[in-house]
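# Overview (structure and organization)
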Amino acid sequence: MPGDASPGFGFRLARPRSMEEALDLLSRYGPRARLLAGGTDLLVQVRAGKAAPEVVIDLKKVSTLHSDIVQEDSFLEIGALALLSDIGRDPRILGFFPALAESVATVGSIQIRNRATLPGNICNASPAADTLPALLVHEASVSLQGRGGKRTVALSDFFLGPGKTVRRDDEIVTSVRLPLPKGREGAAFERLTRRRGVDLATINLCCRVEQSGMTRFAFGAVGPRPVVAVDPSGKLTRPGLGAEERDRRIRELLQKTSPISDVRASRDYRTAMLLVLSRRALERALQRLAGGEGA
Amino acid sequence: MESEAVAITVTVNGMSRSLQVQASHTLLKVLRDQLGLTGTKECCSMGECGACTVLVDGRAVNSCLMLAAEADGCEITTIEGLAMDGRLTALQESFLAEGAVQCGFCIPGMVMSAQYLLDHNPHPTEEEIKEGLAGNLCRCAGYTRIIEAVRAASSGAGASTGDAAPSKTGSAAPSKDAGK
């Protein structure tokens, strides 16, 4: 098997049973350690020589980490080990956050989603990560635990650049929190790929509209990190909004994006499609806000 | 806690096995090289082609993206584990009857993905079949007959009595993972 002979496949594997043990290992090895949850990014990186950890710390036996999705008064908490395939069909996710369910269903393939986790997708910090736009418009936050204690970081503050986040080398993501909707709202996810299945996004984005008129967009694969743009004016949700004004307002929000040309698309194509996909997401989000068809 | 060799116990195709595996070896490598189960194929080794698909605790996964050590305590079904007493499953028979096999390299993975689909959605639409097999590539591009084979297995006599796709894999997942 040629793959296993590649550099980096000599790592040692640690299977800590407790958070304390996991954090001890992390602080001992620092950047020479990599955390393993689903492994669907990590093992690809190791095989490609892009990661060469000395030790891989498998988090799946850590007693305090779990795969449950727990509903509290004001938020839904997704355990660090919850699989994307389970998140995507959880009735509460489908009910409260259908756009997240839509985006989860586009990650990789069924086989990938049967292993991959949300913190994995988040911490890999690909600008094109499909779950991020939906998590961002829903104002998700990430709970981290280090030896110094716990902290919670808004996902919108989490990303520094491709593959770079504010997670410190000695911290472990324990859960992802999504505030529950306070009133009526609607959200929708759109994605552009070269082929429909198992492809990285050329663009992905999500739009969320609230009854108050608050409109949030998050755009992926059009900048070094996902971009959030907010229009609190209520004009995008106003009935009878003309196409011209709608496009003008969307274009204003799109000014925060900085698409580049790469193997998947040119800058011009991405720029043109951002408007098209944003319109579609807005339209479907508004349908959901109205409680109509659009699921 | 850290080690080069890891002791694991897995159930492979119904048989419990205690193994010493290298920490960095994938489940795919252990299945093929240590257990001689070469029906599971290695191809892209990066989770794109699905040739290495097996069921772990009833879920279809890429065995190239999973360490063997992660399978500790799990129940694994490979392509070798589908037929019972030398009798192919209705799904396997259907692949033969429909002429769905050209070079054959992708077929074990295709069958495992199709098995997973039918385990949880016994009567998929054509769209659901395509979605269910989206993680499996066929370089012969023999998709039409592969899809037809799955469709035939799902609507065949076996399926109507509920045993076209005998689940040997527990039932970790509710129905219609493939649906969007």
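Only a predicted model underlies this, so the values are computations on that prediction, with no experimental measurement involved.

Right, let's talk about helix H3 (residues 107-120) of chain B for a bit. Compared with the 20 Å implied by 1.5 Å per residue over 14 residues, the 20 Å span of H3(B) between its first and last C-alpha is a close match. H3(B) sits mainly inside the fold: 14 of its 14 residues count as buried.

Quick look at the domain arrangement of chain A now. Residue and element names in this part refer to chain A. Once the domains are mapped, chain A shows domain 1 (2-61), domain 2 (69-179) and domain 3 (185-289). Each of domain 2 and domain 3 has a C-alpha centre, and the two are 20 Å apart. In this assembly, 22 residues from domain 2 lie in contact with 25 residues from domain 3. Among the secondary structure elements, those contributing two or more residues to the side of domain 2 that touches domain 3 are helix H5 (98-104), helix H8 (132-137) and strand S8 (159-161). Of the residues forming the side of domain 2 that touches domain 3, the biggest block, five residues, is contributed by H8. When the residues that make up the side of domain 2 that touches domain 3 are grouped by side-chain class, the tally is 13 nonpolar, seven polar and two charged.

On to the domain arrangement of chain B, then. Residues and elements named next belong to chain B. Domains assigned within chain B are domain 1 (5-81) and domain 2 (90-160). Placing the centre of domain 1 and that of domain 2 at their C-alpha centroids yields a distance of 22 Å. Taken together, the 13 residues of domain 1 in the interface contact 11 residues of domain 2.

Time to look at the pairing of strand S3 (residues 53-56) of chain B. Residue and element names in this part refer to chain B. In S3, alternate side chains face the same way, and those of Thr53 and Leu55 on one face and Val54 and Val56 on the other are all buried. With four bridges connecting them, S3 and strand S4 (residues 59-62) associate as antiparallel partners. Looking at S4, one finds that Val54 is bridged to Val61. Following S3, the chain reverses through two residues before pairing antiparallel with S4; Asp57 in that reversal takes a positive phi of roughly 50°.

So, on to the nonpolar core. Ranked by internal contacts, the top residues of the largest apolar core, which has 140 residues, are Cys206(A) and Cys207(A). Top element by residues in this core is H3(B). It accounts for eight residues. Among all residues touching Cys206(A), those that are not within four sequence positions of it are Ala99(A), Ser103(A), Pro133(A), Ala134(A), Val137(A), Ala187(A), Ala188(A), Phe189(A), Ala218(A) and Ala281(A).

Remark on secondary structure: sheet strands pair via backbone hydrogen bonds, oriented parallel or antiparallel. Residue and element names in this part refer to chain B. Ordered by their spatial adjacency, five strands build an open sheet running S2-S1-S5-S3-S4, and the pairing between neighbours is mixed. With partners counted over all chains shown, the strands left at the sheet margins are strand S2 (15-22) and S4, one partner each. Going from strand to strand, the sheet's axes swing by 40° on average, the running direction of each strand aside. In terms of strand pairing, S3 meets strand S5 (residues 75-77) through two bridges, oriented antiparallel. Within S5, the position partnered with Leu55 by the bridge is Thr77. Contacts between H3 and the sheet are confined to S3 and S4, with S3 contributing the most and set at about 40° to the helix.

Analysis parameters
- Residues numbered from 1 in each chain as written.
- Chains lettered and ligands numbered in written order.
- Predicted model: local features only at pLDDT ≥ 70, side-chain atom pairs only at ≥ 80, totals over all residues.
- Helix = DSSP H or I, 4+ residues; strand = E, 2+ residues; numbered from the N terminus.
- Expected span 1.5 Å × (residues − 1).
- Buried ≥ 20, exposed ≤ 12 C-beta atoms within 10 Å, placed from the backbone.
- Domains from an automatic or database assignment.
- Contact = placed C-beta atoms within 7 Å.
- Nonpolar A, V, L, I, M, F, W, Y, C, P; charged D, E, K, R; others polar.
- Pairing = 2+ DSSP bridges.
- Core = buried A, V, L, I, M, F, W, Y, C linked by C-beta atoms within 7 Å.
- Axes fitted to C-alpha atoms, helices over the stretch in contact; angles between N-to-C directions.

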